[in-house]
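Structural features, examined
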Amino acid sequence: MSAMQYASEVVLYTILVVAVVQDFMYTKISNRLILVGLILSLTFGIILGGVSRIPYILLNISFPVVVLYLLYLLGVLGAGDIKLFSVIGGFTNFTMLTHCMLAAFFAGGVIALIKMLWNRNLKFSLLKGQLFLREALKGNVVSYRDTMAEKRNLMHFSLAIFLGYVLAGIQGFIQ
């Protein structure tokens, strides 16, 4: 790994950690942080791969927005979470991005399960989720966020994204 690749990795980890801190403190990820991440991803991409890399970076940045937009509309994911995936896409290749996204949803499921067990509301949450899905399948779409009655059910998905990136990196390292 070259010094520039290492610097790129350190910058991305820093952005992810700051995003997690912001999410826990303010339940929001700053658009400034996202913008800085996108600009830096383009900068590193051009330095490491040349101007010809720009279309690939833009495709990777756009992919999470296109794929996850429905989850945003349903209130399952926040806009900041999707934009954070876009930042990761700008710094990585498509394979790493998709592995990160899958690992993040796995990590999010584990975190959600632990949180429901800790809050002792697993049955209630599963029932609420089932009712939400049933209504969505009937075409009665309401935001999942609107159905969350208690703040303790809020999940900071940026943590799952961070863990997903770490897990995807470990998996890529092992292969």
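Our structure's up above, just so we're on the same page.
What this report covers is the structure whose coordinates are included nearby. Within any chain, residue numbers begin from 1 and follow the written order of that chain's sequence. Local features in a predicted model are, by the rule used here, given only for residues with pLDDT of at least 70; side-chain atom pairs are given and counted only at 80 or more, and totals for whole chains, interfaces and linings are based on all residues. Remark: hydrogens and water are excluded; side-chain values derive from all non-hydrogen atoms of the structure.

1. Here's the deal with the overall build of the chain
Basically, it comes down to this: A run of H or I in DSSP counts as a helix once it spans at least four residues, and a run of E counts as a strand once it spans at least two, with each numbered from the N terminus. With a 1.4 Å probe rolled over the protein chains alone, any residue whose accessible area is under 20% of its type maximum counts as buried; one over 50% counts as exposed, and the rest are partly exposed. In what follows, a contact means two residues having at least one pair of non-hydrogen atoms within 4.5 Å.
Across its full length, the chain carries eight helices and zero strands. Scanning the chain from its N terminus toward the C terminus, one meets helices and strands in the order α-α-α-α-α-α-α-α. With 175 residues in all, the chain has 36% of them scored as buried. A separation of at least 24 residues holds for 73% of the contacts in the chain among residues at least 6 apart in sequence.

2. A word on the packing of aromatic side chains
How we decide: Side-chain rings of Phe, Tyr and Trp (the six-membered ring for Trp) are treated as a pair once their centres are within 6.5 Å; stacked means planes under 30 degrees apart, edge-to-face means over 60, and tilted covers the remaining angles.
Tallied over the entire structure, the rule returns eight aromatic pairs. Taking the centre distance of 5.2 Å and the plane angle of 70 degrees together, the rings of Y13 and Y165 count as edge-to-face. With Y13 in helix α1 (residues 3–26) and Y165 in helix α8 (residues 157–174), this pair connects stretches of sequence that are 152 residues apart. Overall, Y13 belongs to the partly exposed group, its relative accessible area being 27%. A relative accessible area of 2% means that Y165 is categorised as buried. With a centroid separation of 4.8 Å and an interplanar angle of 75 degrees, the aromatic rings of F63 and F94 are classed as edge-to-face. Note that F63 is positioned in helix α3 (residues 54–73) and F94 in helix α5 (residues 94–119), a separation of 31 residues in sequence.

3. Topic: a nonpolar patch on the surface
So the rule is basically this: Patches were defined on residues exceeding 30% relative accessible area and lacking a salt bridge, with like-charge contacts within 9 Å and nonpolar side-chain contacts (Val, Leu, Ile, Met, Phe, Trp, Tyr) within 5 Å. Only the protein chains shown count as cover for residues, with accessible areas throughout obtained via the Shrake-Rupley method and a probe of 1.4 Å. Here, a salt bridge means any Lys or Arg side-chain nitrogen found within 4 Å of an Asp or Glu carboxyl oxygen.
Taken together, the side chains of F106, V110, I114, L167 and I170 define a hydrophobic patch exposed on the protein surface, amounting to about 480 Å² of accessible area. Counting residues per element, the ones that place at least two in the nonpolar patch are α5 and α8. It is α5 that provides the largest number of residues to the nonpolar patch, a total of three residues. Here I170 shows up in helix α8.

4. Some remarks on unusual backbone geometry
Note on backbone geometry: most residues besides glycine have negative phi, and most peptide bonds are trans. We note that T27 has phi near 50 degrees; this positive angle belongs to a residue other than glycine. Mapped onto the fold, T27 is located in the loop between α1 and α2 (31–49).

5. Focus: the side chain of H156
Looking at the element boundaries, H156 is found in the loop between α7 (144–147) and α8. By relative accessible area, H156 is classed as buried at 14%. Non-local contacts of H156, meaning those with residues more than four positions away in its chain, are made with D23, F24 and T27.

6. A few points about the nonpolar core
Here is the rule we go by: As used here, the term nonpolar core means buried Ala, Val, Leu, Ile, Met, Phe, Trp, Tyr and Cys residues forming a set that is joined through side-chain atoms within 4.5 Å.
Ranked by size, the top nonpolar core spans 29 residues in total, and within it L16, L84, F85, I88 and I161 carry the most contacts. Those elements that place two or more of their residues in this core are α1, α2, α4 (79–91), α5 and α8. Excluding its chain neighbours within four sequence positions, the residues that come into contact with L84 are I15, L16, A19, I29, I34, S158 and I161.

Function-wise, these values are silent; they only describe arrangement.
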